[in-house]
Amino acid sequence: MKKVLLVDDDVDFCEATKLLLDSKGYDVFLAHDGKAGLEKALAAQPDLVILDVMMPEMNGYDVCVVLKADAELKKIPVILLTAVDQHMFKTTYTNVMGCMTEADDYIAKPVEPEELVKRMEELLPKN
Amino acid sequence: MLIKSSINILVVENDITVLQKCRELLVNEGHRVRTAESVEEALAIVQKQPGEVDIMLLSLELPGWGGLTLINVLQKAKREILIMTMSANCGEEAIEAVHAGAYDCIRKTFTADRFWTKINRAIEAFRLRRQLGVLTRQRQAVLSEVGHDENLSAILQSFTDGLVVTDWQTNIVLLNENAASLFDLTREKALGHPISDCIKSDELLSFFMRAIKSDSSLAPLMAGEEPVVKVGERAVRVHVDPVKNETGTAIGAACLFHDVTSISAMAKLRDDFLSMVSHELKAPLSSLLMQISVVLDGLAGDLSAKQSDLLGKAKEKTKGMITLVNDLLDYRRIQEGKSIQKIENLDMAEILRRTAELMRLSAEEKEITMSCDIAEELPSFTGDRGGVEAIFVNLISNAIKYTPKGGNVNVTLNKAGKEIRFRVVDNGMGIPSEDIDRIFDKFYRIKTEETRSISGSGLGLSIVKGIVDAHNGSIRVESEAGKGTTFVVSLPSEA
C-alpha cells in the first residue's frame, strides 16, 4: 500500500481528501502545519507528499526545501497544492519558488478529485 | 481703423491774404479746407460738425474773442482737434497758446517750404494722436470686457480643479489657487516661471510641449480616460489643451488638474481587498468541492437517488463559484496590466488539444458534438501560457454554454498569413444584434429567457479581450440570434 502524506492546515479539506485517497487504496497520513508535516515525513517515510503552501509554523516551500535537501527524503515526489492566485502560482512560484524548492508538481486549488488522483499516479513509481 | 489720407482743415483767419494763401496750398495737396474769419464762426462750425475738423489753423491776432480763448474752449470740450497757431512773429502769445494746448506756431510770413514743414509735422502728429485715440479706446473696450475680469477670476478660483495656463515658451501666465495649493506654489513663485520649475513632472511638461506644438497625438490622449501623472507624492489626472488665437495658432497651453491621490490609494485598497477576498474564498471552496465530491462518489456511505441529485447540483454551483472567483482574479490582473506574466514559446496546438479535451466532458453532458481541427505546422508563437489557455477555455466554454442540447461546436486553429487564427463556431442561441457591441464590456451579460438559467460572471469575454489586446491580436464576432455565433481570434506569429 502506497503511503501518502497530506500537509494542509485546512482540516476539512484534509478529511475529505483522506476519504478520497483511502478509497483509491492509499495509506494516508495527515499533518496540519509545516513543522508537523516535516516530522511525519521523517517518521512515516511516505511515497508521496502533498503540500499546501500557506500554512502556519512553516510554509509549504520551506518544508519542500528541507525535504529536497535531505539525501534520503529527496527522492520522495512532492506536489505543491495551493490556493494562491492561479496565475501567480503558474508563473512566479513555478519559476522562482519552484526552482528553489524543486517540487515535482504544482496543482492549483480548487482541484477536482480525479485530477488530483491522476497527477499523483503520474508521480508514483509503478509497481 | 483706416486713417483718411486727406485731412479736414479749418483755417481761422481774418487776414484774407493769409487765408487765401493757406487755402491754396492745402487744397493743392488734396486736403479739404474750410475757412472762418472769426472765433465765433469757427466755433459754430466745430460745434455743428464735430468730426469734420481735424486740424485748425488758428490766427492769434483775431478781433473779439482771441484765438487763445478758442483754444481753451476746445481743450475743455476735449475735442480731438490739433491746433496750429499763426501769428506775425510767434512771440509770447504763441508760447502761451502752446501751453494752453496748441501744437505749434507758424509765422504768417511763411514760404511754401516752411509752411509745409510745419503743417506736415502737424498732420503726422494728428495722425499719431488719432491712432493713439483708437488704441486707447480699444484698450478700454478690452478692459471693460475684463471689467468682467473680476467675475472671471472668481470663476477660475471657484474651480475645484487646479488650472494652469502657460505661454508658448511654457512659462506660467495664469494659475488659480487650487493649482497653487496642489503644487505648493505661490503666484509670485509661479507666474512668469517655466512650468518645469514649478511642477516637477517630465510627463506633464511633454503634454504642454505637445499642446504648444499642436501635436495631433495629444487630442486622442486627452479624449479618452485622461492620463494620471505623478507629481511628488500626488497622483493628478490632467487635461492639457492648446490655447489658440483667432487664426488658430497655438499661443500657449492650458491644463486642468484633478487630484486623484486618494482615489488612487482607494483603487489600490480595492484591488488588495479583492485579491484577499478571492483567496479567502478559494480555500473554503476547495474544501467544499472536495467534500461534496467524496460524498457524491459514495465514499462517505451510500446515497439515495435524491441525495445524489441534490449533491450533484450543489457541486455544479460550487464549481460555478470557483469560476467566478477565478474570473475576478483574472480580471483584476488584466486591469493591473499583468495579463502577460511570462513570454515563452508556446505549442498552441498542444495547449488547444489539452483544453478541448478538458471541455469535452461538459460538451458530452449536453450532448453537443464538438469537433476540433488543428492545422499541422503552425507558425511559432510566443506569448503567455495562462493567457492563451484563458482565451481557449472562455470561448469554448461559452460556445458550449450558449448552445442548446444536441448542437454543434467547431473549434479550428490554423495559419492565416502571418497570423495564427483560432475560431470557435457554434449553432447555438446567438447574440441579439443590440447586444453585440457590448459583449466585451465587463459584467455584461445578455438577459433573455434562454440565458436566465446559465450562470456566469460576465467577465469572461472582457478577460479574453484584455489578453488578446495584450498580445497585439484582434478578436471579432459574427452572430445571428437563433442561428449561432462565430468568434475569431487572430494572434500575430513570429514568422
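Rules used throughout
- Residues numbered from 1 in each chain as written.
- Chains lettered and ligands numbered in written order.
- Predicted model: local features only at pLDDT ≥ 70, side-chain atom pairs only at ≥ 80, totals over all residues.
- Heavy atoms only, no water.
- Phe/Tyr/Trp six-rings, centres within 6.5 Å; stacked < 30°, edge-to-face > 60°.
- Buried < 20%, exposed > 50% of the residue type's maximum accessible area, 1.4 Å probe, protein only.
- Lys NZ or Arg CZ within 6 Å of the ring centre and 35° of its normal.
- Salt bridge = Lys/Arg side-chain N within 4 Å of Asp/Glu carboxyl O.
- Helix = DSSP H or I, 4+ residues; strand = E, 2+ residues; numbered from the N terminus.
- Arc of directions from axis to C-beta.
- Patch = residues over 30% accessible without salt bridge, like charges linked within 9 Å, V, L, I, M, F, W, Y side chains within 5 Å.
- Areas by Shrake-Rupley, 256 points an atom, 1.4 Å probe, with all protein chains shown as cover.
- Pairing = 2+ DSSP bridges.
- Axes fitted to C-alpha atoms, helices over the stretch in contact; angles between N-to-C directions.
- Contact = heavy atoms within 4.5 Å.
- Disulfide = S-S within 2.5 Å.
- Core = buried A, V, L, I, M, F, W, Y, C linked by side-chain atoms within 4.5 Å.
- 1 Å grid on protein atoms, 1.4 Å probe; cavity = no way out; pocket = protein on both sides within 12 Å on 5 of 7 lines; lining within 4 Å.
- Points joined across faces, edges and corners; volume = space filled by probe spheres on them.
- Nonpolar A, V, L, I, M, F, W, Y, C, P; charged D, E, K, R; others polar.
- Domains from an automatic or database assignment.

Moving on, we come to the packing of aromatic side chains. Summed over the entire model, instances satisfying the criterion amount to 5 aromatic pairs over all chains. Look at B:F115 and B:W116: their rings are 5.3 Å apart centre to centre, the planes differ by 80 degrees, and that puts the pair in the edge-to-face class. Pair check on accessibility: B:F115 and B:W116 agree, each one buried. In this structure, A:K109 is placed above the aromatic ring of A:F13, and the distance from its NZ or CZ to the ring centre is 4.6 Å. The lysine or arginine in question, B:K21, covers the ring of B:F110, its NZ or CZ lying 4.5 Å from the ring centre.

By the definition in use, this model includes 23 salt bridges over all chains. Between A:D22 and A:K18 there is a salt bridge whose closest N-O contact spans 3.3 Å. One end of the pair is A:D22 and the other is A:K18, both in helix α1 (residues 11-23) and 4 residues apart, which spans about a single turn. Among the residues examined, A:K18 registers a relative accessible area of 28% and is labelled partly exposed. B:E419 serves as the salt-bridge partner of B:R421, at 3.5 Å between the closest nitrogen and oxygen.

Within helix α5 (residues 113-123) of chain A the residues assigned to the buried category are A:P113, A:L116, A:V117, A:R119 and A:M120. The buried residues of α5(A) all sit within an arc of 165 degrees when viewed along its axis, so they share a single face.

Before going further, it helps to examine a nonpolar patch on the surface. Residues and elements named next belong to chain B. Residues L152, I155, F159 and L256 make up a contiguous nonpolar surface patch of about 330 Å² in total accessible area. With respect to the secondary-structure elements, I155 resides in helix α6 (residues 149-158). Note on I155: relative accessible area 45%, which makes it partly exposed.

Next up on the list: the sheet that holds strand β5 (residues 105-108) of chain A. All names here are of chain A. On the basis of which strands lie adjacent, the open sheet formed by 5 strands has the order β2-β1-β3-β4-β5 and parallel pairing. Of all strands in the sheet, those with a lone pairing partner are β2 (27-31) and β5, marking the two edges. For this sheet, the mean inter-axis angle between neighbouring strands, taken without regard to orientation, is 20 degrees. Alignment of strand β4 (residues 78-82) against β5, held across 4 bridges, turns out to be parallel. Each bridged residue has a counterpart across the sheet, and for I79 the counterpart in β5 is D105. Along the sheet face, α5 touches β1 (3-7), β3 (48-52), β4 and β5 and points at about 180 degrees away from the line of β5.

All right, on to the state of the cysteines then. Working definition: the covalent bond between the sulfur atoms of two cysteines is a disulfide. All names here are of chain B. Overall, the coordinates contain 1 disulfide over all chains when judged by the stated rule. The disulfide bridge from C90 ends at C105, spanning 2.5 Å between sulfur atoms. Given an S-S torsion of about -85 degrees, the disulfide between C90 and C105 has left-handed geometry. Of this pair, C90 sits in the loop between β4 (82-87) and α4 (92-100) while C105 sits in strand β5 (residues 104-107), placing them 15 residues apart in sequence. On the accessibility criterion, C105 (6% relative accessible area) is buried.

Below, the discussion takes up the nonpolar core. Residue and element names in this part refer to chain B. Formed by 41 residues in total, the largest nonpolar core has its most connected members in M348, I391, F392, L395, I396, F422 and F487. Those elements giving two or more residues to this core turn out to be α14 (348-365), α15 (385-401), β14 (408-416), β15 (419-426), α16 (460-470), β16 (474-480) and β17 (484-492). With 8 residues, the top contributor of residues to this core is α15. Excluding its chain neighbours within four sequence positions, the residues that come into contact with I396 are L352, M359, M370, V411, F422 and V424.

Once that is clear, we can look at the layout of surface pockets. Gaps left between atoms are located by rolling a probe of water-molecule size over the structure's atoms. Residue and element names in this part refer to chain B. What the second largest pocket holds in volume is close to 240 Å³. Taken together, E225, V228, R237, V260, I263, S264, A267 and R270 make up the full set of residues lining the second largest pocket. When residues of the lining of the second largest pocket are assigned to their parent elements, the largest contribution, 4 residues, is made by helix α12 (residues 261-296). Each residue belonging to the lining of the second largest pocket can be placed in one class, and the counts come to 4 nonpolar, 1 polar and 3 charged. Taken domain by domain, the makeup of the lining of the second largest pocket includes at least three residues from each of domain 2 (159-259) and domain 3 (264-335).

Another aspect to go through is the sheet that holds strand β12 (residues 369-374) of chain B. Residues and elements named next belong to chain B. Pairing is mixed in the open sheet, where 5 strands are placed in the order β12-β14-β15-β17-β16. With one partner strand each, in any of the chains shown, β12 and β16 form the two edges of the open sheet. Across this sheet, the average inter-strand angle for adjacent strands is 10 degrees, counted without regard to direction. Pairing analysis gives 8 bridges linking β15 to β17, with the strands arranged antiparallel. The residue bridging V424 from the neighbouring strand is F487, located in β17. Across the sheet, α14 touches β12, β14, β15 and β17, and the angle it forms with β12 is around 175 degrees. Lying on the sheet, α15 is in contact with β12, β14, β15, β16 and β17; it crosses β15 at an angle near 20 degrees.

Turning next to the environment of B:R23. Residues and elements named next belong to chain B. By the element assignment, R23 lies in helix α1 (residues 16-28). For R23, a relative accessible area of 36% translates into the label partly exposed. Measuring from C-alpha to C-alpha, the distance between R23 and R34 comes to 8.1 Å, with 11 residues separating the pair along the chain. Beyond its immediate chain neighbours, meaning those up to four positions away, R23 contacts V33 and T35.

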